[in-house]
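So the chains spell out like this:
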Amino acid sequence: MSERTRDPEPVEQLLREHAPRALGALVRRYRNFEYTEDAMQEAVLSAWQTWSASGVPGNPTGWLVTAARHRLFDRLQHEDRRLDKELAAWSPPPTTSALDDELTPLDDDELRLIFMCCHPALADEPRVALTLRAVGGLTTTEIAQAFLVPEATMAQRIVRAKRKIVAAGISFDLPAEESLLRRTEAVLQVVYLIFNAGYANTRGSDVVRVDLCHEAIRLGRLLHALLPADSTVAALLALMLLHDGRRIGRADAAGRLVPLAAQDRALWNREQIAEGVRLVEQVLIDGPVGRYQIQAAIAAVHAEAATAAETDWPQILALYGILEQLMPGPLVALNRAVPVAEVNGPQAGLDILDALTTHPDAATLGHRLPAARGHLLERLGRLEEAAAAYRKAAALCPSVAELRYLETRLHAVDADLRGAE
Amino acid sequence: MRYLLLIYTNPTTRPSLTKEQNDALSNDYWTFTKEITASGEMVGGEALTGVDTASTVRVRDGKAGITDGPFAETKEHLAGYYLVDVKDLDRALELAAKIPDVAFGSVEVRPIMDMGDAADASM
């Protein structure tokens, strides 16, 4: 089977699937991540042209490994300087396109690649960019667009990260048993950062080609396939599937945020939600209880309610109690005020929020605290205070969708106030 | 790969230690040094005397200027170092986390530049 398709879309998908595997094999063999990654980028470009024109080869990964390896040696021969010690060790250059055993992709190459790109010695931004490129198979242009930064900035970020990996001696070996948990946590953090960047930027009218939420889910699926026994990985995948499954209901046609209670649940992606719920049930039976497990469980309870009125608030409240112990801080406390208000009444919720206003980290909550206070004050009929809280929230709000929603609330409260006069 | 583990401490935030605590700290350093010597990872290392004994030299326009002490605004100062030769960054970070003063100050982990790569680093 030498030709499978001439359709460009599947070529792109094939490349995104095979390039990380091929890169993994090359890094394992030749170690120098900076050079091998550069070579793979060139190989991908050339594959894109060749495969689109004359068909996909029978062994796409092997094709990419061979092409990248030739580029690697071309570069070494043309560079007017001493060969890197590691690189010199694998001279002479290949004379055939046949691959030695060491270049056959192994199952854990991709996993090693993920651990390498998400190493905690790298800062968040470069980790995110590098993971999307080396593991996600995205181009620098696509990543730059998705994060709304100039391409040159993104390219620089990736170059620096690659250099640090080489210069600082971040290894391609799998983490030692004793640091595996910490290193896995660092990987999950990167995946969740990618997801949240996509979630925060959800705008219906956008024509950005790359959806970061879907990229994060793709990485989550890959990790889950590579580490099937890790229930924290499964929990994060479930959490992302559940949030993403409800994403379409989050904004109305005018781009205004729609709160959970008012969302049209018929819009939700039921299939994806069902997958998320299945994963949550599994991790809660098998695994330890961590933040992703509990957050996913909360999302599952919301998603399983046929209507907002049928939400199992006591269960959500109990889960928030656990979450607050796992990750204490003002944000979880603020979110817990919602089920508290549902179960014990709006005044009980408001008491929590009022206590938070004097929290030393209250400023990190931004518009969320006054917005949540506005809601509960409105429900308690304290309309003037509610209007003041909504105004304060609107002044602090960074998201257009949420700002529009807050303005709607403010108008409603103002109308009620005028009606009462 | 070789790494320099730079131990920074801040005398104003480091709790004043009793004689017993000080002895315990010295003992911890001795144990740590013995461990990395036994594993063959120790290349070198020294403790430094306080910054009040330091002199800083600069040459500007061909003239050497000497000042007493390091930069005035520096709160954390270099108290000592280890030079280690280890498998990879993960091992260097692991060792850094075992240096007794890491509980009060911080340890900066710097890869030693391979002089053959100097052209690279200046790019």
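Residues numbered from 1 in each chain as written. Chains lettered and ligands numbered in written order. Predicted model: local features only at pLDDT ≥ 70, side-chain atom pairs only at ≥ 80, totals over all residues. Heavy atoms only, no water.

Glancing now at the packing of aromatic side chains. By the definition in use, this model includes six aromatic pairs over all chains. Ring centres of Tyr30(A) and Phe73(A) lie 6.1 Å apart, and the angle between their planes is 85°; this geometry places the pair in the edge-to-face category. Residue Tyr30(A) is located in helix α1 (residues 8–30), and its partner Phe73(A) is located in helix α3 (residues 60–78); the two are separated by 43 residues in the primary sequence. Take Phe73(A): its relative accessible area is 6%, and that puts it in the buried class. Aromatic pair Phe32(B) and Tyr82(B): ring centres 5.0 Å apart, planes at 80°, arrangement edge-to-face. Linking Phe32(B) in helix α1 (residues 19–38) with Tyr82(B) in strand β5 (residues 77–85), this pair joins segments that are 50 residues apart in sequence. (Phe/Tyr/Trp six-rings, centres within 6.5 Å; stacked < 30°, edge-to-face > 60°. Helix = DSSP H or I, 4+ residues; strand = E, 2+ residues; numbered from the N terminus. Buried < 20%, exposed > 50% of the residue type's maximum accessible area, 1.4 Å probe, protein only.)

In a beta sheet, neighbouring strands pair by backbone hydrogen bonds and run either parallel or antiparallel. All names here are of chain B. Strands sit in the order β2-β5-β1-β6 across an open sheet of four strands; the sheet is antiparallel. Strands with a single pairing partner mark the edges of an open sheet, and in this sheet they are β2 (42–47) and β6 (106–111). On average, each strand axis in the sheet is tilted by 20° relative to the strand beside it, whichever way the strands run. Pairing analysis gives eight bridges linking strand β1 (residues 2–9) to β5, with the strands arranged antiparallel. Note that in β5 the partner of Tyr8 across the bridge is Leu78. (Pairing = 2+ DSSP bridges. Axes fitted to C-alpha atoms, helices over the stretch in contact; angles between N-to-C directions.)

This next bit is on the packing of helix α16 (residues 346–356) of chain A against helix α17 (residues 368–379) of chain A. Helix packing geometry: the angle between the two helix axes and the distance between the axes. Residues and elements named next belong to chain A. Packing of α16 against α17 brings their axes to within 9 Å, and their N-to-C directions diverge by 150°. It follows from the interaxial angle that α16 and α17 lie roughly antiparallel. Two packed elements cross with a definite hand, and for α16 against α17 that hand is left-handed. Contacts between α16 and α17 involve Pro346, Gly349, Leu350, Leu353, Asp354 and Leu356 from the first element and Leu369, Ala372, Arg373, Leu376, Leu377 and Arg379 from the second. (Parallel < 35°, antiparallel > 145°, perpendicular 65-115°, else oblique. Left-handed = near helix turned anticlockwise from the far one by under 90°. Contact = heavy atoms within 4.5 Å.)

Of all hydrophobic cores here, the largest spans 114 residues; its most connected members are Phe33(A), Leu64(A), Leu223(A), Leu5(B) and Tyr82(B). Top contributing element to this core by residue count: helix α11 (residues 231–245) of chain A, with 10 residues. In terms of domain composition, this core takes at least three residues from each of domain 1 (8–92) and domain 2 (108–180 + 206–223) of chain A. In this view, Leu64(A) contacts Leu15(A), His18(A), Ala19(A), Ala22(A), Met40(A), Ala43(A), Val44(A), Ala47(A) and Trp51(A); residues no more than four positions away in its chain are not counted. Listed in part, the 27 residues of the second largest apolar core include Leu377(A), Ala387(A), Cys397(A) and Leu406(A). (Core = buried A, V, L, I, M, F, W, Y, C linked by side-chain atoms within 4.5 Å. Domains from an automatic or database assignment.)

What follows covers the domain arrangement of chain A. Residues and elements named next belong to chain A. Partitioning chain A into structural domains gives domain 1 (8–92), domain 2 (108–180 + 206–223) and domain 3 (342–421). Contacts between the two partners involve 17 residues from domain 1, matched on the other side by 22 residues from domain 2. Across the domain 1 to domain 2 interface the summed buried area is about 1700 Å²; carbon plus sulfur atoms make up 53%. On the domain 1 side of the interface with domain 2, the three residues burying the most area are Arg16, Phe33 and Glu34, jointly 40% of the side's total. Counting the contacts that link domain 1 with domain 2 gives eight salt bridges. For Arg163, the salt bridge is made with Glu34, and the minimal N-O distance between the two is 3.0 Å. Elements supplying a minimum of two residues to the side of domain 1 that touches domain 2: α1 and α2 (33–54). If one sorts the elements of the side of domain 1 that touches domain 2 by residue count, α1 sits on top with 10 residues. For the side of domain 1 that touches domain 2, the per-class residue count stands at five nonpolar, three polar and nine charged. (Buried area = accessible area lost by both parts, 1.4 Å probe. Salt bridge = Lys/Arg side-chain N within 4 Å of Asp/Glu carboxyl O. Nonpolar A, V, L, I, M, F, W, Y, C, P; charged D, E, K, R; others polar.)

Next up on the list: unusual backbone geometry. Excluding glycine, residues mostly carry a negative phi; peptide bonds, for their part, are mostly trans. Despite not being glycine, Arg31(A) has its phi angle at roughly 70°, a positive value. Along the chain, the position of Arg31(A) falls in the loop between α1 and α2. According to the relative accessible area criterion, Arg31(A) is partly exposed, its value standing at 36%. Its identity is not glycine, yet Asp61(B) carries a phi of approximately 50°, on the positive side. Along the polypeptide, Asp61(B) turns up in the loop between β3 (55–60) and β4 (63–68).

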